[in-house]
Amino acid sequence: MTAPLRASDPIVVDVALGDRSYDIVIGRGQLASLGARIGRLRPGAKVAIVSDENVAPRHLDAAVAAVKNGAAQGSTSVSTIVLPPGESTKSFTHLSKLCDELIARRIERSDVVVALGGGVIGDLAGFAAAIVRRGVDYVQVPTSLLAQVDSSVGGKTAIDSPQGKNLIGAFYQPILVIADTALLDTLPEREFRAGYAEVAKYGLLGDAAFFAWLEANWKDVFAGGPAREHAIATSCRAKAAIVARDERETGDRMLLNLGHTFGHALEAAAGYSDRLLHGEAIAIGMALAFEFSARRGLLAKAEADRAIGHIAAVGLPTRMGQIEGGAPTLDQAMELIAQDKKVSRGKLTFILARGIGNAFVAKDVDAQDVRAFLADKLKQAN
Ligand code: GLY
């Protein structure tokens, strides 16, 4: 009989931002340490846990118990706020309700907000924490793979506007991230796979050895255990290093947008719905970015094929023809691309690649080249 998986010693990754530095604690069962860690960082703090109706039934009781268990270390009381799930929660309406709730519960600057959920809860609760009383500390407890390797780290907080995603927000760093890998055991497979696109992204953008490791070990990452923890820790280390260099995305942080210009356009065209999850859109976007790079002679076609081959091997989509309900039209795609990343005199900013692990920011991509490339891809898709 196989031994049950137990809580592991955590891997701790430092996000080095001077006096705003914080730890990302990665490991199985680490949610249980939430209260003790908050107590050590902010003795005597009141804690408000924000979650959503999908995550709360699975993990809220454990999070509350973890905070109470930490009382000996100094965290005093805990209350909970549960919001509706889904992207539509990242709105002014829910932000306003959440801020009112936090103030009504007398959450003050010496207290702590905990975001227990995926990217939506992390972005919304982080933004509320940034603005309530001009800034309350917050802790990210990401419950999806995507949030563990990307959105919970680096301090981007936001809500959406009718004009687009994440257009209203703030850079506001958490004081701690706890990525409990056991929380991923209950994720639907499709959601885990979509999050894996962001894991592969770190290999593709800057770490060829990690990409080769993923090619050899991805099945173990999906299965759980030490390989999953290694993949999450390597992704968090990569993100922490980039954020430490360029917190406010004036340079290197843009590399994290590999696949996102094409991907965001496809996601918007699919109505931010279950037709195409964010990670699936990024998977297609990364495949397009590698193909486009090969077409521009930046890397050999065989190298682009290798990148795309791995994305496809894990079961992620790599072609626009795979989008449920159909691909966007060429005009629609180009309009959405122009909205996502401003066109300046007909030039677009894209993250392109000179090889696996060697992405760069190209600020001068001709919109006509992108149009011609997408026209060809859409012909193949239909
Ligand atoms: N998700 C991209 C970033 O944090 O910059």
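Draft legend 1. Layout of the packing of aromatic side chains. A full pass over the atoms with the stated rule returns 10 aromatic pairs. Between the aromatic rings of phenylalanine 262 and phenylalanine 373, the centroid separation amounts to 6.0 Å while the plane-to-plane angle is 50°, which identifies the pairing as tilted. Placement of phenylalanine 262 in helix H9 (residues 260–269) and of phenylalanine 373 in helix H13 (residues 367–381) is noted, with a sequence separation of 111 residues between them. Here phenylalanine 262 and phenylalanine 373 have matching classes, each one buried. The interplanar angle of 55° and the centroid separation of 6.1 Å between the aromatic rings of phenylalanine 292 and phenylalanine 350 together place this pair among those described as tilted. Of this pair, phenylalanine 292 sits in helix H10 (residues 278–295) while phenylalanine 350 is found in strand S10 (residues 347–353), placing the two residues 58 residues apart along the sequence.

Draft legend 2. Main features of unusual backbone geometry. You will see that arginine 134, though not glycine, has its phi angle at about 60°, which is positive. Residue placement: arginine 134 occurs in the loop between helix H4 (119–131) and strand S6 (137–142). For arginine 134, a relative accessible area of 75% puts it in the exposed group. In the Ramachandran plot, tyrosine 272 falls in the positive-phi region, its phi being about 45° despite a non-glycine side chain. Structurally, tyrosine 272 is set in the loop between H9 and H10.

Draft legend 3. Looking closely at the site of the ligand. Looking at the ligand, the residues that line it are Asp150, Lys156, Lys239, Glu249, Arg253 and Leu256. Between lysine 156 and the ligand, the recorded distance is 2.9 Å, taken from a side-chain N or O atom to an oxygen atom. One of the side-chain nitrogen or oxygen atoms of arginine 253 is found 2.7 Å away from an oxygen atom of the ligand. Computed on the free molecule, the ligand has an accessible area of 200 Å², of which 88% lies beneath the protein chains in the complex. Of the residues that constitute the shell around the ligand, the class distribution is one nonpolar, no polar and five charged.

Draft legend 4. Structural view of the sheet that holds strand S1 (residues 11–15). A sheet is described by the order of its strands in space; here seven strands give the open sequence S1-S2-S9-S6-S5-S3-S4, paired in mixed fashion. Here the strands that pair on one side only, and so sit at the sheet edges, are S1 and strand S4 (78–83). Averaged over all adjacent pairs, the angle separating strand axes in this sheet is 20°, with direction ignored. Here two bridges tie S6 to strand S9 (residues 176–180), and the two strands are oriented parallel to one another. Along S9, the bridge assignment pairs valine 139 with leucine 176. Lying over the sheet, helix H8 (residues 226–245) contacts S1 and strand S2 (22–27), oriented at roughly 10° with respect to S1.

Draft legend 5. Representation of empty space enclosed by the protein in the model. This model, assessed by the stated rule, comprises one cavity of 30 Å³ or more. By volume, the largest cavity is sized at about 30 Å³. What lines the largest cavity is simply Phe262, Ala265, Leu266, Leu288, Met320, Ala333, Ile337 and Leu374. Listing elements by their share of the lining of the largest cavity, those giving two or more residues are H9 and helix H12 (330–340). Looking at which element gives the most residues to the lining of the largest cavity, the answer is H9, with three residues. Looking at the lining of the largest cavity residue by residue, the class counts come to eight nonpolar, no polar and no charged.

Draft legend 6. Spatial organisation of the pairing of S9. Buried residues dominate S9, accounting for five of its five residues. Burial of S9 is two-sided: the residues Leu176, Ile178 and Asp180 facing one way and the residues Val177 and Ala179 facing the other way are all buried. In this structure, S2 lies alongside S9, joined through five bridges in parallel fashion. Note that in S9 the partner of aspartate 23 across the bridge is leucine 176.

Draft legend 7. Main features of the confidence of the model for the chain. Confidence along the chain averages 94 in pLDDT terms, with 95% of residues attaining 70 or more. Within the model, the stretch residues 1–5 combines pLDDT values under 50 with one contact to residues more than four positions away or in other chains.

Draft legend 8. Structural view of the domain arrangement of the chain. You can read the domains of the chain as domain 1 (11–186) and domain 2 (189–381). Distance from the C-alpha centre of domain 1 to the C-alpha centre of domain 2: 27 Å. Taken together, the contacts link 27 residues of domain 1 with 28 residues of domain 2. With both chains or domains summed, domain 1 and domain 2 bury close to 2500 Å², and 64% of this area falls on carbon and sulfur atoms. Among the residues domain 1 hides against domain 2, the three largest losses belong to Leu145, Val149 and Phe171. Together they make up 25% of the total. Taken together, the connections running from domain 1 to domain 2 amount to five salt bridges. Between arginine 228 and aspartate 185 there is a salt bridge; the shortest N-O distance is 3.4 Å. Joining domain 1 to domain 2, the criterion identifies 11 residue pairs in polar contact (both at pLDDT 80 or more). For the side of domain 1 that touches domain 2, the secondary structure elements donating two or more residues are S1, S2, helix H5 (145–151) and strand S8 (164–171). With five residues, H5 is the largest single contributor of residues to the side of domain 1 that touches domain 2. Of the residues belonging to the side of domain 1 that touches domain 2, the class tally is 13 nonpolar, seven polar and seven charged.

Reading the values: rules and limits
- Residues numbered from 1 in each chain as written.
- Predicted model: local features only at pLDDT ≥ 70, side-chain atom pairs only at ≥ 80, totals over all residues.
- Heavy atoms only, no water.
- Phe/Tyr/Trp six-rings, centres within 6.5 Å; stacked < 30°, edge-to-face > 60°.
- Helix = DSSP H or I, 4+ residues; strand = E, 2+ residues; numbered from the N terminus.
- Buried < 20%, exposed > 50% of the residue type's maximum accessible area, 1.4 Å probe, protein only.
- Near = heavy atom within 4 Å.
- Polar contact = N/O pair within 3.5 Å; in protein donor to acceptor, adjacent residues only side chain to side chain.
- Areas by Shrake-Rupley, 256 points an atom, 1.4 Å probe, with all protein chains shown as cover.
- Nonpolar A, V, L, I, M, F, W, Y, C, P; charged D, E, K, R; others polar.
- Pairing = 2+ DSSP bridges.
- Axes fitted to C-alpha atoms, helices over the stretch in contact; angles between N-to-C directions.
- Contact = heavy atoms within 4.5 Å.
- 1 Å grid on protein atoms, 1.4 Å probe; cavity = no way out; pocket = protein on both sides within 12 Å on 5 of 7 lines; lining within 4 Å.
- Points joined across faces, edges and corners; volume = space filled by probe spheres on them.
- pLDDT = per-residue confidence, 0-100.
- Domains from an automatic or database assignment.
- Buried area = accessible area lost by both parts, 1.4 Å probe.
- Salt bridge = Lys/Arg side-chain N within 4 Å of Asp/Glu carboxyl O.

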